[in-house]
Amino acid sequence: MSEELATVVAIDGQYAWVECERRSACSGCHQQSNCGTGTVAKAFPMKQQRLRVVLTAEVSVGQQVRLGIPQASILRGAALVYVLPLFCLLAGALLGQLWLAPLLAGGEGITILSCLLGGLIGFSLVRYFSTRLDQGAYGPRMLGVVLHTRNLS
């Protein structure tokens, strides 16, 4: 489970709107001072991301909560975003090469166009599925409220 801390900014019925800092992977890497990518990541400011999560505990505005996303959801989401468009792109190229080019007596242009059309269909499918899977198993879940301890010394 990947976890992140977030701050509650609003409560809307059985949902809470939370904000967390969007960080690059470079912020946790030990080689960031020696890496060009780490230098570029430092040049861009951190952004706040606002998310809507289902309330699983009683919270108030300003409290910090722990959010989590299961690893399986991350892997399935990555497969959806990366593999589906690539598969459609290759299917379009194969369809164009084996079926459309001989049918229309065309050359590589038809194969290239069908490849691009397949990629466009793949990205459209990702957009369609991503809006449907937003808060399902792929969305973040509230794991609990962060309790601050007082220092008695």
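Shown above is the structure to which this text applies.
Residues numbered from 1 in each chain as written. Predicted model: local features only at pLDDT ≥ 70, side-chain atom pairs only at ≥ 80, totals over all residues. Heavy atoms only, no water.

### Details of the pattern of salt bridges
Here is step 1 of the chain: For the structure shown, the criterion picks out 1 salt bridge.
Here is step 2 of the chain: R50 is paired through a salt bridge with E19; the nearest N and O atoms lie 3.5 Å apart. Taken as a pair, R50 in strand β3 (residues 47-54) and E19 in strand β2 (residues 15-22) lie far apart in primary sequence, 31 residues in all.
Here is step 3 of the chain: The exposure class of E19 is partly exposed, given its relative accessible area of 26%. (Salt bridge = Lys/Arg side-chain N within 4 Å of Asp/Glu carboxyl O. Helix = DSSP H or I, 4+ residues; strand = E, 2+ residues; numbered from the N terminus. Buried < 20%, exposed > 50% of the residue type's maximum accessible area, 1.4 Å probe, protein only.)

### What about the side chain of T111?
Here is step 1 of the chain: For T111, the position within the fold is in helix α3 (residues 108-132).
Here is step 2 of the chain: Not counting residues up to four positions away in its chain, the partners in contact with T111 are A93, G96, Q97 and A101. (Contact = heavy atoms within 4.5 Å.)

### Digging into helix α2 (residues 71-104)
Here is step 1 of the chain: Over its 34 residues, α2 extends 46 Å from the first C-alpha to the last, a length consistent with the 50 Å expected when each residue adds 1.5 Å.
Here is step 2 of the chain: At G96, α2 is deflected by roughly 40°, the largest bend along its length.
Here is step 3 of the chain: Along α2, the residues classified as buried are S73, G77, L80, P85, C88, G92, A93, G96 and A101.
Here is step 4 of the chain: Immediately downstream of α2, the backbone of A105 shows phi near 55°, a positive value. (Expected span 1.5 Å × (residues − 1). Bend = angle between axes of the 7 residues up to and from the residue.)

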